[in-house]
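# A closer look at the structure
Read off the chains here:
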Amino acid sequence: MYDLQNKIALVGGASQGLGAACAIRLAAAGATVIVYARTEEKLKQVVNNLPTPLAQEHSYLIIDTHNLVETNKTITQFLKKTKTVHVLVNNTGGPAAGPLYTTSVADLKLAFESHVLHAHQIVQLLLPGMRAANFGRIVNILSVSIKEPIDDLGISNTIRAGMANWAKTLSRELGQWGITVNNVLPGFTKTERLNYLFSTRAEKAGVSIEAISKNIENSIPIKRLGEPEELAAAVCFLCSPEAGFINGINLPVDGGQLRSL
Ligand SMILES: NC(=O)c1ccc[n+]([C@@H]2O[C@H](COP(=O)([O-])OP(=O)(O)OC[C@H]3O[C@@H](n4cnc5c(N)ncnc54)[C@H](OP(=O)(O)O)[C@@H]3O)[C@@H](O)[C@H]2O)c1
């Protein structure tokens, strides 16, 4: 188990799914965790269920990543009492499925704001604290689509690739202050998002969700879907002090799905 004692971690999109799994893992490693998303009831439940091996006091913030102005206010207010956040897991809901050529400019802009601009704003707000601590871990939950675009996920393919280059650039700029920036690339992992993607595919193909799932499982070398905890374990490692020399990488957690090197 990695040691995140005395570290404060902010985890986005954490009212369920991959974000919630990351929050649990970071808390189990000793971090004090602040989760954020839009749904207060779910956030409360997540906080109540976070491990407290060091009697940490976990909490939550209500943040809508579409709303940059309100997010700025919320984080600025939060930083008045919590001066330093050491670990940031950038994560939010995935964009709607669909082809790119029919995607409206407005939808593409909204996704760019919610993913790239949101992450950028949070990093800028947290940066003074990380620099003062001479320690920072920024992990972005992206997708295997940054290496091999996925059919019918036009917005996601576009935005994630932008995030990947944003992260790579930052990793080169922030390393000098002990701050690493890495991306984790989930493959097909069992969450509500996957249920949504499978049901969209099933509807379009006129087959059952089970048939879609079986087909995908067969295409993955490990022959099964991923568990959120498996992704969270990779995130926790990249957030640990032990991973301090790993910077600017894209780590697939995909059961070997990606064919590219
Ligand atoms: N699961 C997979 O197989 C997979 C594969 C590749 C990439 N990904 C990507 O990984 C990310 C997390 O996926 P997941 O599977 O955990 O998805 P999920 O189960 O749908 O969870 C998404 C989380 O993001 C929050 N969220 C959504 N929109 C938000 C907004 N506007 N502002 C703040 N929070 C928001 C949701 O909470 P609220 O609704 O309460 O706000 C929820 O906590 C997504 O971007 C997804 O596309 C997932």
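This one's a predicted model, so the numbers in the text were calculated from it and none came from an experiment.

## Structural notes on the environment of Ala232
Here Ala232 lies in helix H8 (residues 228-239). Residue classification places Ala232 among the buried positions, given a relative accessible area of 2%. For the pair formed by Ala232 and Leu18, sequence separation is 214 residues and the distance between their alpha carbons is 6.9 Å. Residues within four places of Ala232 in sequence aside, it is in contact with Ala21, Cys22 and Arg25.

## Some words on the site of the ligand
Near the ligand lie 29 residues; those nearest to it are Ser15, Thr39, Thr92, Arg160 and Thr191. Between the ligand and Gly13, the relevant distance is 3.1 Å, taken from an oxygen atom to a main-chain nitrogen or oxygen of the residue. For the ligand, an oxygen atom lies 2.4 Å from a polar atom in the side chain of Thr191. Coverage of the ligand by the protein chains reaches 92% of its 880 Å² of free accessible surface. Within the residue set of the shell around the ligand, elements represented by two or more residues are helix H1 (17-28) and helix H6 (192-205). At three residues, H6 tops the list of elements feeding residues into the shell around the ligand.

## Re the sheet that holds strand S6 (residues 179-186)
Here we have seven strands laid out as an open sheet, ordered S3-S2-S1-S4-S5-S6-S7, and parallel in their pairing. Sheet topology places strand S3 (59-62) and strand S7 (250-253) at the edges, where each strand pairs with a single neighbour. Between one strand and the next, the sheet's axes are offset by a mean angle of 20°, whatever the strand orientation. Inspection of the sheet shows strand S1 (residues 8-11) paired to strand S4 (residues 87-90) by three bridges, in the parallel sense. Residue Leu10 lies in a different strand from S4, and its bridge partner there is Leu88. Packing against the sheet, H1 makes contact with S1, strand S2 (32-37), S4, strand S5 (136-141) and S6, and its axis sits at approximately 170° to S1. Against the sheet, helix H4 (residues 105-133) engages S1, S2, S4, S5 and S6, with an angle of about 175° to S4.

## Quick look at the packing of aromatic side chains
Taken as a whole and judged by the stated rule, the model has two aromatic pairs. Look at Tyr2 and Phe237: their rings are 5.4 Å apart centre to centre, the planes differ by 45°, and that puts the pair in the tilted class. With Tyr2 in the segment before S1 and Phe237 in helix H8, this residue pair connects regions lying 235 residues apart in the sequence. When the ring centre of Phe135 is taken as reference, the NZ or CZ atom of Lys7 above it lies at 4.6 Å. Here Arg131 stacks its cationic end above the ring of Trp177, 3.7 Å away from the centre of that ring.

## Here's the deal with the domain arrangement of the chain
Along its sequence, the chain is organised into domain 1 (8-187 + 227-252) and domain 2 (191-225). Each partner contributes to the interface: domain 1 provides 14 residues, whereas domain 2 provides ten residues. Summing both partners gives a buried area of about 760 Å² for domain 1 against domain 2, and 46% of it is carried by carbon and sulfur. Counting across the interface, domain 1 meets domain 2 through two salt bridges. Those elements giving two or more residues to the side of domain 1 that touches domain 2 turn out to be H1 and H8. Partitioning the side of domain 1 that touches domain 2 into residue classes produces seven nonpolar, three polar and four charged.

## Here's the deal with the packing of H4 against helix H5 (residues 154-174)
Viewed as axis vectors pointing N to C, H4 and H5 meet at an angle of 20°, and their least axial separation amounts to 9 Å. As judged from the angle between their axes, H4 and H5 are roughly parallel. The handedness of the crossing between H4 and H5 is right-handed. Contacts between H4 and H5 involve Asp107, Leu108, Ala111, Phe112, His115, Val116, Ala119, His120, Val123 and Leu127 from the former and Ile155, Thr158, Ile159, Arg160, Met163, Trp166, Leu170 and Leu174 from the latter.

Rules used throughout
- Residues numbered from 1 in each chain as written.
- Predicted model: local features only at pLDDT ≥ 70, side-chain atom pairs only at ≥ 80, totals over all residues.
- Heavy atoms only, no water.
- Helix = DSSP H or I, 4+ residues; strand = E, 2+ residues; numbered from the N terminus.
- Buried < 20%, exposed > 50% of the residue type's maximum accessible area, 1.4 Å probe, protein only.
- Contact = heavy atoms within 4.5 Å.
- Near = heavy atom within 4 Å.
- Polar contact = N/O pair within 3.5 Å; in protein donor to acceptor, adjacent residues only side chain to side chain.
- Areas by Shrake-Rupley, 256 points an atom, 1.4 Å probe, with all protein chains shown as cover.
- Pairing = 2+ DSSP bridges.
- Axes fitted to C-alpha atoms, helices over the stretch in contact; angles between N-to-C directions.
- Phe/Tyr/Trp six-rings, centres within 6.5 Å; stacked < 30°, edge-to-face > 60°.
- Lys NZ or Arg CZ within 6 Å of the ring centre and 35° of its normal.
- Domains from an automatic or database assignment.
- Buried area = accessible area lost by both parts, 1.4 Å probe.
- Salt bridge = Lys/Arg side-chain N within 4 Å of Asp/Glu carboxyl O.
- Nonpolar A, V, L, I, M, F, W, Y, C, P; charged D, E, K, R; others polar.
- Parallel < 35°, antiparallel > 145°, perpendicular 65-115°, else oblique.
- Left-handed = near helix turned anticlockwise from the far one by under 90°.

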